[in-house]
Amino acid sequence: MTTFSGNYQATDGKIGIVVARFNNFVTERLLAGAQDSLERHGLTSNQIDIAWVPGAFEIPLALQNLAQTKQYAGLIALGAVIRGETSHYDYVCNEVAKGVAQVGLQQNLPTMFGVLTTDTVEQAVNRAGVKGGNKGADCAESVLEMIDLQHQINLN
Ligand SMILES: Nc1c(NC[C@H](O)[C@H](O)[C@H](O)CO)[nH]c(=O)[nH]c1=O
Ligand SMILES: CC(=O)[C@@H](O)COP(=O)(O)O
């Protein structure tokens, strides 16, 4: 029996991060968490590219554009969708989640979903470096693990 398990080890490849500007008081903290974690795991700033989009709904297209350059070992999507008064929240969340997953599968590229989907601002802030950890940092570790896992599987 063969067991594959990725490690959080540095990659010599590049990581692309797509981050939404909407709710930037949260998304800037998610981005900082992701960058800090990647660099603490041995990546240099030259290995990290950042693409800013207006809102979470635009994240999947930017991810696809980065993936199609074939320059990245993995991608991270960062955003903060906070429920408002209407059902717009549901449509944005659903399409972003589907779109991010679709890019990863269609491009065979580790693509992490770091988009917060919360009912309140407090919930979002807590998950961007306060009581609930930092979803950006979590995605940084996860993308490195998936890159290593793919490497292990391909070597087998
Ligand atoms: N309400 C939030 C949005 N809405 C904007 C959309 O993401 C999109 O940019 C717009 O509909 C134009 O296509 N975006 C977030 O990232 N977070 C929100 O809470
Ligand atoms: C997630 C959203 O799109 C939401 O913030 C928009 O707010 P509203 O539903 O009050 O228009």
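What you see is a predicted model, and the numbers here were worked out from it, not measured in a lab.

## Quick word on the confidence of the model for the protein chain
In the predicted model, the protein chain carries a mean pLDDT of 97, and 100% of its residues have values of at least 70. Overall fold confidence for the complex sits at a pTM of 0.97, while the interface term, ipTM, reaches 0.97.

## Structural notes on the UniProt feature "binding site: 5-amino-6-(D-ribitylamino)uracil" (unreviewed entry) in the protein chain
According to UniProt, the "binding site: 5-amino-6-(D-ribitylamino)uracil" (unreviewed entry) feature falls on Phe-22, Ala-56, Phe-57, Glu-58, Ala-80, Val-81, Ile-82 and Phe-113. Checked against the element boundaries, Val-81 lands in strand S3 (residues 72-82). Within the fold, Phe-113 resides in strand S4 (residues 111-118). Apart from the residues lying within four places of it in its own chain, the contact partners of Phe-113 are Ala-77, Val-96, Ala-97, Val-100 and Cys-139.

## Some remarks on the pairing of strand S1 (residues 14-20)
The buried count for S1 comes to 6 of 7 residues, which makes it a mostly enclosed element. Pairing between S1 and S3: 6 bridges, direction parallel. If you follow Ile-17 over to S3, its bridge partner there is Ile-76. Where S1 lies against strand S2 (residues 48-53), 6 bridges are found, and the strand directions are parallel. From the neighbouring strand, Ile-15 faces S2, where its bridge partner is Ile-48. Regarding the hand of the β-α-β motif, the stretch spanning S1, helix H1 (residues 24-40) and S2 is right-handed.

## What about the site of ligand 2?
As a structural note, the neighbourhood of ligand 2 is formed by Val-81, Ile-82, Gly-84, Glu-85, Thr-86, His-88 and Tyr-89. Taking Ile-82, its main chain carries an N or O atom lying 3.1 Å from an oxygen atom of ligand 2. For ligand 2, the accessible surface in isolation is 330 Å², of which the surrounding protein chains cover 71%. Breaking the shell around ligand 2 down by element, the ones donating at least two residues are S3 and helix H3 (88-107). Partitioning the shell around ligand 2 into residue classes produces 3 nonpolar, 3 polar and 1 charged.

## Points about the nonpolar core
Of all hydrophobic cores here, the largest spans 23 residues; its most connected members are Ile-15, Ile-17, Val-26, Leu-38, Ile-76, Leu-78 and Val-143. Those elements that provide at least two residues to this core are S1, H1, S3, S4 and helix H5 (135-155). What Ile-15 contacts, discounting residues up to four positions off in sequence, is Leu-38, Leu-43, Gln-47, Ile-48, Asp-49, Tyr-72, Gly-74, Ile-76, Val-143 and Ile-147. In this structure, Val-81, Val-103, Leu-109 and Val-115 belong to the second largest nonpolar core, which totals 22 residues.

## Observations regarding helix H2 (residues 59-67)
Turning to H2, its buried residues number three or more, namely Ile-59, Pro-60, Ala-62, Leu-63, Leu-66 and Ala-67. Viewed along the axis of H2, the buried residues span an arc of 165°, placing them on a single side of the element.

The rules behind each value
- Residues numbered from 1 in each chain as written.
- Chains lettered and ligands numbered in written order.
- Predicted model: local features only at pLDDT ≥ 70, side-chain atom pairs only at ≥ 80, totals over all residues.
- Heavy atoms only, no water.
- pLDDT = per-residue confidence, 0-100.
- UniProt positions renumbered as here; feature names shortened; annotations may be inferred.
- Helix = DSSP H or I, 4+ residues; strand = E, 2+ residues; numbered from the N terminus.
- Contact = heavy atoms within 4.5 Å.
- Buried < 20%, exposed > 50% of the residue type's maximum accessible area, 1.4 Å probe, protein only.
- Pairing = 2+ DSSP bridges.
- Right-handed = clockwise from strand over helix to strand, strands pointing away.
- Near = heavy atom within 4 Å.
- Polar contact = N/O pair within 3.5 Å; in protein donor to acceptor, adjacent residues only side chain to side chain.
- Areas by Shrake-Rupley, 256 points an atom, 1.4 Å probe, with all protein chains shown as cover.
- Nonpolar A, V, L, I, M, F, W, Y, C, P; charged D, E, K, R; others polar.
- Core = buried A, V, L, I, M, F, W, Y, C linked by side-chain atoms within 4.5 Å.
- Arc of directions from axis to C-beta.

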